[in-house]
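Spelled out, the chains give:
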Amino acid sequence: MWRVGAKLVVGATLLGGGAAGVNIFTSDDISTAFNICTLVPLRLLRDSLTAATIAFDYGYSLWGLKEGSIEWSKAKHEVHNRCALRLQELCFRNGGIYIKLGQHIGQLEYVVPQEYVHIMRTSMLKRCPFSSYDQVRKVLTRELGGLPEEIFEEFDPVPLASASLAQVHAARTHDGKNVAVKVQHTHLTDTATADIATVTLIVNALNWCFPEFDYRWLVDEIRESSPKELDFLFEARNSEKCLENFKRLSPHIADYIYVPKVYWDLSTSKVLTMEYMDAAEITDLITIQRLGIQLSDVSKLVSQAFAEMIFRHGFVHCDPHAANMMVRPLPSGRKNPFGQKKPQLILLDHGLYKNLDFATRVNYASLWKALIFADVNGIKENSVKLGAGEDLYALFAGVLTMRPWNRVIDQSVDHLVLEGSDTDRSELQMYASHYFTQISELLRRLPRVILLMLKTNDCLRAVNHVLLQGSSLETYLIIGRVSSKAVSEAKIISLNCSILSGLSLWLEQMLLEARLFSMRIALWLLQIQKTLYYRTKKRESLNKNKQRKS
């Protein structure tokens, strides 16, 4: 194991030095190329040493222990924690693209151990490094032609928040508008290329040493998406297109979705000035409830919004983690039947979007429709169409739903619901560990756009877990309705809207609504049953306490 680690260090460093040398002679920008030339070997050496240390720690810590024993499980948990912290430290030391990579790893719940997921999720979203105010001033002067105090009436030097690629400052324009100014970290211009090069080399080296460890698809995705995410004008256009799609294609919920207004005259590729949003982060449960909003209403709105984007718009926000979503009361003041304020979902950070072509969108919608209704033939047919193959379609269904195959095809109304309990979590960890090789093969086969849908799915599941401590049947009813509507719309297009086909589709839609209504009744009865069960348990507990006292 130590020899493997040494091989990683030497091989990857030589490759990195060679790549940097080639870059400096082929680049048109000698200054940038020189920065890359000096950064690549240093970062790659740091990467390689971390990878070698992790490889050695696993080999040494588990040496001689019987797999599956109590000692082995304890040692594995401890080494997972140590190595996740090492990887976290590496991401923070290198910054930029590495933090983006750490955020991706934090969403791979079905592949990486839970210790990695927990550490990356709790750190990569909340503890990103900050640029100094002097660096911010330099960026604003270069991009907007003046110092912050000249461009704005007021500019808070203390950032509101920092992310992997930028940080946000509160400001006020000369005409009195409160704005949020997103300023790109200064080092990214020179380091982005170097970061992608070093991450690529280290992942390729790991794949060479451990063929079953194949995350090259993740690096490919970062290489493709990073230039777009680093262009804030691209992000601004995405945000406007997202809102326009809701108004045009989903008018029934358009009022419930909002994106901050962009101030184009104060925005460039590295500075984005937006409307300041006075709202609660989506996982700030106390503030949301204090605003008079029900958490279940927020969960339903998130599910509805992303189901519409994925199955009907085909233009999908692929980074919906907690820091990128906020909630406020609907400005119109409308309330739900229980007198609580209805929520409005505010979507932030529109740098990472994916377009689903018509065939992929319809096949993905058809797959989710089949999953909701436990349709085995539909699950297999559409999984194969999306690239999973006849041998891995059941695994694909498991990765999408976080449920084992026997639960996926269970006909019970709540067959896909995750309670968020310790039993559920341990079952998922066992599932991921047992099928690691097959999952890696599945991820290699699937189109990258579907891999991004998996990441989006995982982000939404994590948000719902915080809001509801699991998932709810209501979420799946929403997905079932929207995916079914998308499939019906596709059929109408393909059948050219003849009277007979239109009647057939209308009947199909009525049957679907009847089925969803019956599921809703079953949900209502299930909730009553659970309420009675917990009341009975509470009453029994009180009676036992009285008997003990007497």
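Rules used in this analysis
Residues numbered from 1 in each chain as written. Predicted model: local features only at pLDDT ≥ 70, side-chain atom pairs only at ≥ 80, totals over all residues. Heavy atoms only, no water. Helix = DSSP H or I, 4+ residues; strand = E, 2+ residues; numbered from the N terminus. Buried < 20%, exposed > 50% of the residue type's maximum accessible area, 1.4 Å probe, protein only. Areas by Shrake-Rupley, 256 points an atom, 1.4 Å probe, with all protein chains shown as cover. Pairing = 2+ DSSP bridges. Core = buried A, V, L, I, M, F, W, Y, C linked by side-chain atoms within 4.5 Å. pLDDT = per-residue confidence, 0-100. Contact = heavy atoms within 4.5 Å.

1. Things to note about the overall build of the protein chain
Each helix and strand in the protein chain was counted, giving 21 helices and 11 strands. Within the protein chain, buried positions represent 53% of all 550 residues. With the model as given, the accessible surface of the protein chain reaches about 26100 Å², and the carbon-plus-sulfur share is 58%.

2. Considering unusual backbone geometry
Phi at Asp 349 takes a positive value of approximately 55°, unusual for a residue other than glycine. Looking at where Asp 349 falls in the secondary structure, it is placed in the loop between strand E10 (343-347) and strand E11 (353-355). Non-glycine residue Met 402 carries a positive phi angle of around 60°. Of note, Met 402 is situated in the loop between helix H15 (393-401) and helix H16 (405-408).

3. Description of the sheet that holds strand E7 (residues 280-281)
Here we have four strands laid out as an open sheet, ordered E5-E10-E9-E7, and mixed in their pairing. Edge positions in the sheet fall to strand E5 (257-258) and E7, since each of these pairs with one other strand and no more. Of the strand pairs in this sheet, E5 and E10 are connected by two bridges, and their pairing is parallel. Bridged to Ile 257 within E10 is Leu 345.

4. Let's talk about the nonpolar core
Nonpolar side chains in soluble globular proteins generally cluster together in the buried interior. Counting 88 residues, the largest nonpolar core has Phe 311, Tyr 364, Trp 368, Leu 371 and Phe 396 as its most contacted members. By residue number, the principal contributor to this core is helix H3 (residues 70-94), which donates nine residues. Counting residues in each nonpolar core, the second largest holds 30 residues, with Ile 257, Ile 282, Ala 305 and Tyr 353 among its members.

5. Side note on the confidence of the model for the protein chain
The predicted model of the protein chain has a mean per-residue pLDDT of 83, with 84% of residues at 70 or higher. Segment residues 1-28: pLDDT under 50, and 43 contacts once partners within four positions in sequence are set aside and those in other chains are kept.

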